[in-house]
Amino acid sequence: MEQFLKPLFLGVSLVLSPLFAQEDAKFGSDAKACRENLSLYQDYFTQWQESKDIVKLKDAEPFLDKALQICPMYNVATYLRGKIIYEELLKAEKDPAQKASLLAKSVQMFDWQLQYFNGEKGTDLALINGLKGRFVYQFGADKAQARTLMQSAVDAKKGESDPYVIYYLYLLKNDLLKDGKIELAEVLEDFGKFQGYLEDYAKLDAKNSKVTDWVKSAMQPYFTKIANCAQIEPMAQKSIQAQAEINNKAKWVDVMRAARCTKSDLFIKTAENVCASMPSLDCYVSLTMGYLERKDYVKASNSVEKLLEQCGTCEKQNDYKELAMKTATAAGKFAQAKTYAQELGLKGQVLTITAQQIAEKAKTCEKAFDRRAMYWLAYDYAAKAKEVDAKMAQEATQLMNAYKTAFPTKEEIFDFLGKEKTYNVACWNQETTEVRAVEN
């Protein structure tokens, strides 16, 4: 029996020995010190999660640093939490020397993560290079290194790139443009390319759209500062002629819309082609804006209706209803515009639309005095909009200034009303308004 068990025990030991070796490797050269430092940093990290007190992360960092040095193979979660710790500490640190030290430690941490956990979720060369580049750009001074790292990451991952890496790479390129280190054409073309990558990233998971929408909107002000239609349209024309694929056309539609180049024949023709071949919410938004810019209200109305139909109850339905409201107002479809405004709960907007509706209705009054008197009521509605909704102040003020120039003169008032102080507006439901003379 003993002779039989010896080979059995030997076989079990041979099977288990690699497992024990792997387990030992996790804890590095000093298992006790590894466990102690891991426990301490995790405890402070948990306290920070509950309190958001940066002091807790300052307490955690030395133990995290020590744990990574002793047992860098423990688990990938240590590195994921470490990214949070170093990022928050770098944001809060004011001392240049301390910031440089923290940045060096964070870069070393990313290198270790890649060395020991390459291939695990959240760890590959491109992703790590992107994070390193972002940290170097945000918290360091080596723009060349940051560009190399982030560019290599985005080139490799494309539509799977970290949206924040795309954002900071674009900001970095704007900096390099100001420094005279890169050409304008590269920054303009990258905007369209990066917007496409962000769209692809959003399609990977429905939850991604929140961050991609923020990054896209945050990039746009930088783009519009450097871009103008005279520069962009020739580039777009050349690119579309060379590469007529629908995805390339869609990219340039996004670029031209972001730069407010929506009135040109090139934009309209390209957007119509994209919408016909690859209908999307963004495409219909672009086309609607282009038609509005050209005052083609029939086509704008048709386009925005397709937008609302395709959206249904999508996340941005209120944004699209607001565009539909503006389109209906511009087209003179005031009842429809007010319906959208009411659905959106925009009381001030309902009033300004009514003001514009009254001003438009004035053109149909038979008597000249009644036409002029309608502007009293239009002014009243615009003034009420300004009173109830501070966000409408600018638009309402513009309408009020326009309407008061069309008020009747003192002579007209005396001839038609004598000394009356109020007037029932004949062309609009007999509403009562105050008598006022145009200011000379």
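Throughout this description, residue numbers start from 1 for each chain and increase along the sequence as written. Totals for whole chains, interfaces and linings use all residues, but because this is a predicted model, local features are given only for residues with pLDDT of at least 70 and pairs of side-chain atoms are given and counted only at 80 or more. Calculated side-chain values reflect all of the structure's heavy atoms, with hydrogen atoms and water omitted.

Turning our attention to the overall build of the chain. Within the chain, the secondary structure is distributed over 21 helices and 2 strands. Structurally, the chain occupies a C-alpha span of about 125 × 55 × 55 Å along its principal axes. In the chain, buried positions account for 44% of the 440 residues. Pairs of residues are marked as contacts when any of their non-hydrogen atoms sit within 4.5 Å. In the chain, the proportion of contacts linking residues at least 24 apart, taken out of those at least 6 apart, comes to 59%. Residue exposure ignores everything except the shown protein chains as possible cover, and the areas themselves are Shrake-Rupley values with a 1.4 Å probe. About 23800 Å² of surface is accessible on the chain, with carbon and sulfur atoms providing 52% of the total. In the chain, 60 side chains carry a positive charge and 60 a negative one; their mean positions are 2 Å apart. Helical segments are the DSSP runs of H or I of at least four residues, strand segments are the runs of E of at least two, and each set is numbered from the N terminus. Relative accessibility under 20% of the residue-type maximum defines a buried residue, over 50% an exposed one, and the middle range a partly exposed one, all with a 1.4 Å probe and only protein chains included. The convention is simple: Lys and Arg are positive, Asp and Glu are negative, and His and the chain ends are not counted. Charge coordinates come from a single atom per side chain, which is NZ of Lys, CZ of Arg, CG of Asp or CD of Glu.

Moving on, we get to the packing of helix H9 (residues 184–204) against helix H11 (residues 229–242). Packing of H9 against H11 brings their axes to within 11 Å, and their N-to-C directions diverge by 70°. By the criterion of interaxial angle, the relationship of H9 to H11 is roughly perpendicular. Listed contacts from H11 to Leu184, Ala185, Leu188 and Glu189 of H9 are Gln231, Ile232 and Met235. Axis geometry follows a simple rule: fit a line to the C-alpha atoms, using only the stretch in contact for helices, then measure angles between N-to-C directions, giving values from 0 to 180 degrees. Any angle that falls under 35 degrees is termed roughly parallel, while one over 145 is termed roughly antiparallel, one within 65 to 115 roughly perpendicular, and all others oblique.

Looking now at the nonpolar core. Met150, Phe194, Met219, Phe223, Ile232, Trp252 and Met256 are the most contacted members of the largest nonpolar core, which totals 99 residues. Ignoring sequence-local partners within four residues, the contact set of phenylalanine 223 consists of Tyr170, Leu188, Phe191, Ile232, Val255, Ala258 and Ala259. Nonpolar cores were defined as sets of buried Ala, Val, Leu, Ile, Met, Phe, Trp, Tyr and Cys residues, with membership established by side-chain atoms within 4.5 Å. Counting 30 residues, the second-largest nonpolar core is a separate cluster that includes Ala359, Ala362, Ala406 and Trp428.

Turning to the side chain of threonine 78, a few remarks are in order. As for its position among the elements, threonine 78 is in helix H4 (residues 76–92). Here threonine 78 falls in the buried class, since its relative accessible area comes to 2%. At 2.7 Å, the side chain of threonine 78 forms a polar contact with the side chain of asparagine 75. Not counting chain neighbours up to four residues away, the residues in contact with threonine 78 comprise Leu38, Tyr41, Leu64 and Leu68. Identification of polar contacts relies on pairs of N or O atoms within 3.5 Å, with a donor-acceptor requirement for protein atoms, meaning one able to donate a hydrogen and the other able to accept it, and with residues adjacent in sequence counted only if both atoms are side-chain atoms.

Each cavity reported here is a set of points on a 1 Å grid over the protein atoms alone in which a 1.4 Å probe fits but cannot get out, each pocket an open set with protein on both sides within 12 Å along at least five of seven lines, and each lining residue one with an atom within 4 Å of a point. Grid points are joined across faces, edges and corners, and a volume is the space filled by probe spheres set on the points. Considering only enclosed or pocket space, the largest pocket measures out at about 1000 Å³ in volume. Lining the largest pocket are 35 residues, with Gly196, Glu199, Asp200, Lys203 and Asp282 sitting closest to its centre. Among the secondary structure elements, those contributing two or more residues to the lining of the largest pocket are H9, helix H10 (209–226), helix H12 (246–258) and helix H14 (281–293). With 10 residues, H9 is the largest single contributor of residues to the lining of the largest pocket. Charged residues are taken to be Asp, Glu, Lys and Arg, nonpolar residues to be Ala, Val, Leu, Ile, Met, Phe, Trp, Tyr, Cys and Pro, and polar residues to be all remaining types, Gly included. In terms of residue class, the lining of the largest pocket is built from 12 nonpolar, 10 polar and 13 charged. Each pocket or cavity is described by its volume, and for the second largest pocket that value is around 580 Å³. In terms of lining residues, the second largest pocket is bounded by 19 residues, among which Gln220, Arg257, Val285, Met289 and Lys316 are the most central. When residues of the lining of the second largest pocket are traced back to their parent elements, those giving at least two are H9, H10, H12, H14 and helix H16 (317–330). By residue number, the principal contributor to the lining of the second largest pocket is H16, which donates 5 residues. Along the lines of polarity and charge, the residues of the lining of the second largest pocket split into 6 nonpolar, 3 polar and 10 charged.

Looking now at unusual backbone geometry. Positive phi, close to 60°, is recorded for lysine 295, a residue that is not glycine. Along the polypeptide, lysine 295 turns up in the loop between H14 and helix H15 (297–311). Look at lysine 295 and you get exposed, because its relative accessible area is 59%. Look at asparagine 429: it is not a glycine, yet its phi comes out positive at around 55°.

Structurally, glutamine 151 is set in helix H7 (residues 143–157). Sequence-wise, glutamine 151 and isoleucine 128 are 23 residues apart; in three dimensions their C-alpha atoms are separated by 12 Å. Setting aside residues no more than four positions away along its own chain, glutamine 151 makes contact with Leu169 and Lys173.

Glancing now at the packing of helix H19 (residues 368–388) against helix H20 (residues 393–404). With their axes 8 Å apart at the nearest point, H19 and H20 run at an angle of 160° to one another. Relative to H20, H19 is oriented roughly antiparallel. Judged by the twist between their axes, the crossing of H19 over H20 is left-handed. Each of Tyr375, Ala378, Tyr379, Ala382, Ala383, Ala385 and Lys386 in H19 lies in contact with H20, whose residues at this interface are Ala393, Ala396, Thr397, Leu399, Met400, Tyr403 and Lys404. Left-handed describes a crossing whose near helix is turned anticlockwise from the far helix through less than a right angle; right-handed describes the clockwise counterpart.

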